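Structural features, examined
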Amino acid sequence: MKNCLVVDDSKVIRKVARHILESLDLSVSEAVDGQDALTQCEAGAPDVVLLDWNMPVMSGMEFLEALATAKLEARPKIIFCTTENGIGHIKAAVEAGADEYMMKPFDRETLESKLAIVGVI
């Protein structure tokens, strides 16, 4: 079973994402910020990370920068999931290492298509 780490400071977003991901037969873990996510990735990298942009402690972009230098067995696929929709934000995220980009709010169909694009399902 593939696993997904949902990184968001919103408990509601984590709960919605978990519900959709589990219905797609993915194992789900959660992190409340980028630092929490980095710690979990270093302990055992997930197949995919659903990553929020704006979070306290460590933002999504800061997480991507730290992930680039982290010593992981395998690099997870990264899907940015955010309200930031400017072309500049999307370009910056992709340049920093994001594999895909998805707008909030999202639905099952959108999330499922992004997971397929990055090869997780």
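The rules behind the values
- By convention here, each chain's residues receive numbers from 1 onward along its written sequence.
- A pLDDT threshold of at least 70 governs which residues receive local features in this predicted model, and a stricter bar of 80 or more applies before side-chain atom pairs are shown or counted, although totals over entire chains, interfaces and linings include all residues.
- Side-chain measures were taken over the full set of non-hydrogen atoms in the model, leaving aside hydrogen atoms and water.
- Each helix is a run of H or I in the DSSP string that is no shorter than four residues. Each strand is a run of E no shorter than two, and both are numbered from the N terminus.
- Buried residues are those whose accessible area, probed at 1.4 Å on protein chains only, stays under 20% of the maximum for their type, while exposed residues exceed 50% and partly exposed ones sit between those limits.
- The contact definition used throughout considers only heavy atoms, calling two residues in contact when any of these lie within 4.5 Å.
- His is not counted, nor are the chain ends; Lys and Arg add positive charge and Asp and Glu add negative charge.
- Positions of charges follow a simple convention, taking NZ of Lys, CZ of Arg, CG of Asp or CD of Glu.
- Criterion for a salt bridge: a side-chain nitrogen of Lys or Arg within 4 Å of a carboxyl oxygen of Asp or Glu.
- Planes of paired rings set the category: under 30 degrees apart is stacked, over 60 is edge-to-face and the rest tilted, where pairs are Phe, Tyr or Trp rings (Trp by its six-membered ring) whose centres lie within 6.5 Å.

This part covers the overall build of the protein chain. If you tally the helices and strands in the protein chain, you get 5 helices and 5 strands. The order of helices and strands in the protein chain, counted from the N terminus, is β-α-β-α-β-α-β-α-β-α. The principal-axis extents of the C-alpha atoms in the protein chain amount to approximately 35 × 30 × 25 Å. For the protein chain, buried positions account for 44% of its 121 residues. Residue pairs at least 24 apart in sequence account for 59% of intrachain contacts in the protein chain once pairs closer than 6 positions are excluded. Computed over 12 positive and 20 negative side-chain charges, the separation of the two mean positions in the protein chain equals 2 Å.

Moving on, we get to the pattern of salt bridges. Enumeration over the complete set of coordinates arrives at 9 salt bridges. Notably, a salt bridge pairs Arg18 with Glu22, separated by 2.8 Å at the nearest N-O pair. Of this pair, Arg18 and Glu22 both sit in helix 1 (residues 11-23), 4 residues apart, which is roughly one turn of the helix. Overall, Glu22 belongs to the partly exposed group, its relative accessible area being 40%. Through salt bridges with shared partners, a single ionic network connects Arg14, Arg18, Glu22 and Glu30.

All right, on to the packing of aromatic side chains then. All chains considered together, the criterion is met by 2 aromatic pairs. Measuring from centroid to centroid gives 5.0 Å for Trp53 and Phe80, while their planes differ by 35°, and the two rings are tilted. Of this pair, Trp53 sits in the loop between strand 3 (48-51) and helix 3 (60-69) while Phe80 sits in strand 4 (residues 77-82), and the two are 27 residues apart along the sequence. Exposure remark for Trp53: the relative accessible area of 11% places this residue in the buried category. Relative to Tyr101, the ring of Phe80 has its centre 6.1 Å away and its plane inclined at 45°; by these criteria the two rings are tilted. You can see Phe80 sitting in strand 4 and its partner Tyr101 sitting in strand 5 (residues 100-103), a full 21 residues away along the chain. Both residues of the pair, Phe80 and Tyr101, count as buried.

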